[in-house]
Structures are given as C-alpha cells and as structure tokens.
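The primary structure of each chain is shown beneath.
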Amino acid sequence: MAPAVGIKRSATQTITLPPPVVRDVIRSTIPSQTAAEAPPSAAERAVAPAPAVEGFLCLEEVDGRRWSYVVDRSSGAVKGRGRGGAAGHAGASVRAVPLQSPLPPAEEIMAFIRSYVVPEGFPDSVTPSYVPYMSWRALKHFFGGAMGVFTTRTLLSSVGVSQSKATPGAIAINWILKDGAGRVGKMLFARQGKKFDYDLKQLRFSSDLLLEIGAGIELTTAAFPQFFLPMACVANVVKNVAAVTSTSTRTPIYKAYARGENIGDVTAKGESVGNIADLLGTGLSIFISKRNPSLVTSFAFLSCGYLLSSYQEVRSVVLNTLNRARFTVAVDSFIKTGHIPSLKEGNSQETIFNPPWRHEPVAIGSRFGEAFQEPASFVAIRPLFEDERYIVTYNPTKDKVYALLKDQAKSDDIIKAAFHAHVLLHFINASHARRLKQKRKQANPDRPDYGNLYSRNMDFLAHIAESCKIVSSSYGTFKKKAREQGWIMSESLLNPGKARLCGGVKPQ
C-alpha cells in the first residue's frame, strides 16, 4: 500500500492526504474539484479542531431520578483562541442539573433506609413472596431480641453475678463451659448434611421451636440456681443445634427469592432487616424489664409471638423443588383432579410441622426386611418390576407402602418410584373405603368383625399389578404438567434411604 503524503498547510499545521491511488479515484469521481478544493480526509477531520461545545450534553438516570449534563462556562470567563483559530472558553466544565425537585427530608430518609433493607432493583430483583417472608422474619427477630434480654438477665443472676460470694473466676469458668457444650452440640448436629435441603421448611420451623425450648430452660435456672451449669449446658446445646439448622437453611431460602445473580445482595439486606428488628426488640425489652414484669407472663407472650411469626415466615417461602411434603401435595392433586398445583398453591398446602410420632404412609429407599415379611410376596411381585429400577410393595402389618430402589436407580427413577408408591397407596385407601362402606351396610354394624381385621390388605397384590399399568401410562403426563407449573423435575429432594437392591451373582 502506497504511503500517505504529508503537505504543509502552514507553519504550525500539517494534514495527511490519502495515498495516490485513492486520490486518483476521488478525482475521477469528482472531476470538477481541484486538489485544493477536495473534501478533507478522515485524518484531516481528526486533526481539525472540534467546534465549540454549547449547552446540553446528555441525560442520566439513577434509581428513577434524572440529571441533565450541560456545559458550564461560568467557571471560566477568559476567552482564548484554540487550535486552528477557534475561539473558546479556557475554563469550561460539565455541570449536572437535576430534572426534578429535591426530595423532602422524610423521603430522603426513607430512601436511605431502603438502601439498607431492600435489594437493588426492588421489587423487580426478587420474587413476589419476598415481602411477606421478610415481614414475618422481621417480626420474629423482634420477639427474639426482646426475649434475649430476659434470658441473659436470668442466666447472669443464676450464675451468681448478683451474689457477692461468687468469685469472678468461678463465674467465668461456668460461662465458658456452657458455651463449650453448645459448640460441641453444633458440631455433632452438622453431620445431618443433606437433610437440611430435603426438609428445609420443616427443619427451619423446628429450629425455632428448639430455640424457644432452650430459652425456656435458661429461664428455669432462676428457680434452680444450684443446677446452673448442667441446665445452662443443655440449653446452650439445644440453642446451638437450632443455630446450625437456621444457618444451613438460610441460603436456599434467599436463593429462592433472588432473580438473577443477586443472591449476595438479597442475603445482605435480609440479614440487615433481621438485625434492625432484633435491636428494636432488645431496646423495648430493656425498657420493659426495668419495671420487673412477671417472668413467666413475659416469656409466654414473647414465645407465642416468636413461634407464630416463625410459622408464618416459613409458610410464605415458595420453593420450586419437590421434597416429600410438596411431592405428596402434587401427586394427590394429580390423582384426584388430573391437575398439578402451581408453585404457590403447592407450597401453601405443604405440611410444615411433622411430629416424630406421626405415621408416614410411604417410605422411599427402605430396607428389604422392612418391606417384606415373607418371601412369597417378593417372589410374586418381582416380575412386575423387571424393567424398572425400583420395586413397590405394601406391608399389611405396618400399614405402609415401601419403594425399594435398585443400585442402578437415578434421580428420575427415584421420582417415578415415589409416584408409583403414592398411586398404590391411593388404590389401597380406596379399597379400604369401599370395604368400610359395605361393612356399615351390614344388618348389625355394631358387631365387631374380627375376621375382616386385615380385609384392607387381602388383595394388595392385585392393587400392585393395577398400579403398574396406571403408572406406565400416566407418569409422563405427570412430569410434563409439573414442569409446566414451574416445578423442577430434573432433581428431587425426596430424601431416599441409602439401601439399594443389588443385582448380579448370588453370594457364596
């Protein structure tokens, strides 16, 4: 490529012309122009001085408020001559002009507070259920902060701070032992691991319930100060177990509210709301405690408020994953109506509090010995599940449906096994209802019928065969409708047991 040719225009300015070949093309295209009259090249335009900037530059918007940027010539009044002889202001600068009137002081304060308690871009940056969740969370922390004043005051009194006979060293040792026991309990309970994901809401509410039990034990030390150390250790273990559960379930909940990659912002603002409510509750409790109210009455009121707020807080969480409780809601609705509940409906119908003594009608990933009492039933139903990676059966003596998983079972196989177990349970319950209705039509319904004690279970093998046909034709429809409602079906949180049926060579 031919080099560009430089021509001196004046003693102080040089322009660059295009190469000869390009210049000839331009001359042939516009023959009437001479070289002196040719339009300036790009290089000439780059070197030529820019015209003097006047007035408006651009608009800018920040958090819904707009500013106009203009040229400010009032800062410099000395005129000079720039490059190329253009006149200009040597001291011109940029000035921002707000396009709206200043906010009143009250709104300025509210904007400042919002910057600490709501994520950026609110409400578009979070899901709709974020507001009720944070409202109940703030109220829960308010009651928790208020209760902390009474429990701390009681513990200090029980350990002997108010007694002159107690030495500072003994007090410190008791307090350290109490905290040490709590840390041990925290480490032991942390091994639960994946269970924090399986039953997130249930464990979250259980942790708050444990926290209140621990606070109650701490308050009881006032009546038995001589047993301060063992009681305080037990209370601290319980409270630290609750703390592990609360911390482990916090991030998945915040993740459910974040839209996009703003989980850090949502978490920070959520914790800020909790701390503010905690401080307000603490301040109010300090003011009330100076009047020496009844300890039992104060604890009962604050504890009820805390647990009610915790229950409503957990119920307001909307998750799109299927644990056992939400899966049961979805399958029952599908069997009865043919429809899958939406995310909000499914979460609102989920059972939050499951006491340990509650009978669970379905078990997933169980041991073989729990599901089968005799080999005949296993031999009878095994051919029905040759092409599946699971086996579903019913144990009449335990009145429970079991889904046993094979060693090749994947996530979809676990979901299908759980679906099959609920379908079988539906058949058995329907059969029991029909038999009970027939029994009531008997001539003497008050007469006990011991012969039909297990009439509900006599034909469960036929129900298993029937359920296999239903599942093969309806499971795909169930998955499709669940995805359409927003439920995640690629992974499940059904908490299957660790037992797996192994195929292959029989042991020697």
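This text follows the structure it describes.
None of the values given here were measured: they were computed from a predicted structure.

Topic: the overall build of the protein chain
Stage number 1. Helix and strand content of the protein chain: 16 helices and ten strands.
Stage number 2. Out of the 508 residues in the protein chain, the part that is buried amounts to 34%.
Stage number 3. Here the analysis covers contacts within the protein chain between residues at least 6 apart in sequence; of these, 73% occur between residues at least 24 apart.
Stage number 4. On the protein chain, roughly 29800 Å² of surface is accessible, and the fraction owed to carbon and sulfur atoms is 60%.

Digging into the pattern of salt bridges
Should their charged atoms come close, side chains of opposite charge can pair.
Stage number 1. Tallying each qualifying case throughout the model produces 13 salt bridges.
Stage number 2. With a closest N to O distance of 3.2 Å, glutamate 218 and lysine 239 form a salt bridge. Of this pair, glutamate 218 sits in helix H7 (residues 200-220) while lysine 239 sits in helix H8 (residues 228-257), and the two are 21 residues apart along the sequence.
Stage number 3. By relative accessible area, which is 3% here, glutamate 218 ends up buried.
Stage number 4. Judged by relative accessible area, lysine 239 falls into the partly exposed class, the value being 22%.

Thoughts on a nonpolar patch on the surface
Stage number 1. There is a patch of nonpolar side chains on the surface, built from Ile109, Met110, Phe112, Ile113 and Tyr116 and spanning about 520 Å² of accessible area.
Stage number 2. Turning to its location among the elements, phenylalanine 112 is positioned in helix H3 (residues 105-117).

Side note on the layout of surface pockets
Stage number 1. Roughly 1200 Å³ of volume is contained in the largest pocket.
Stage number 2. In this structure, the largest pocket is lined by 38 residues; those nearest its centre are Asp199, Arg324, Asn354, Arg358 and Glu360.
Stage number 3. Mapped onto the lining of the largest pocket, the elements with two or more residues apiece are helix H6 (195-198), H7, helix H11 (324-337), strand S8 (362-364) and helix H15 (411-440).
Stage number 4. In terms of residue count, the dominant contributor to the lining of the largest pocket is H11 (eight residues).
Stage number 5. Looking at which domains feed residues into the lining of the largest pocket, each of domain 1 (114-316) and domain 2 (324-439 + 456-485) gives three or more.

What counts and what doesn't
- Numbering of residues starts from 1 in each chain and follows the order in which that chain's sequence is written.
- Only residues with pLDDT of 70 or above have their local features reported here, since the model is predicted, and side-chain atom pairs are shown and tallied only from 80 upward, although totals for entire chains, interfaces and linings are computed over all residues.
- Where side-chain values are given, they derive from all heavy atoms of the structure, hydrogens and water being excluded.
- Going along the chain from the N terminus, every DSSP run of H or I of four or more residues is numbered as a helix, and every run of E of two or more is numbered as a strand.
- Only protein chains enter the calculation, and the probe is 1.4 Å; a residue is then buried if its accessible area is under 20% of its type maximum, exposed if over 50%, and partly exposed in between.
- Residue contacts are defined here by distance: any two heavy atoms, one from each residue, within 4.5 Å place the two residues in contact.
- Only the protein chains shown count as cover for residues, and the accessible areas themselves come from Shrake-Rupley with a 1.4 Å probe.
- Just to be clear on terms, a salt bridge is a Lys or Arg side-chain nitrogen sitting within 4 Å of an Asp or Glu carboxyl oxygen.
- Residues with no salt bridge and a relative accessible area higher than 30% make up the patches, which join like charges within 9 Å and nonpolar side chains (Val, Leu, Ile, Met, Phe, Trp, Tyr) within 5 Å.
- Lining residues are defined by having an atom within 4 Å of a point belonging to a cavity or pocket. Those points lie on a 1 Å grid over the protein atoms alone, cavities being sets where a 1.4 Å probe fits but cannot get out and pockets being open sets with protein on both sides within 12 Å along at least five of seven lines.
- Grid points are joined across faces, edges and corners, and a volume is the space filled by probe spheres set on the points.
- An automatic or database domain assignment supplies the start and end points of every domain.

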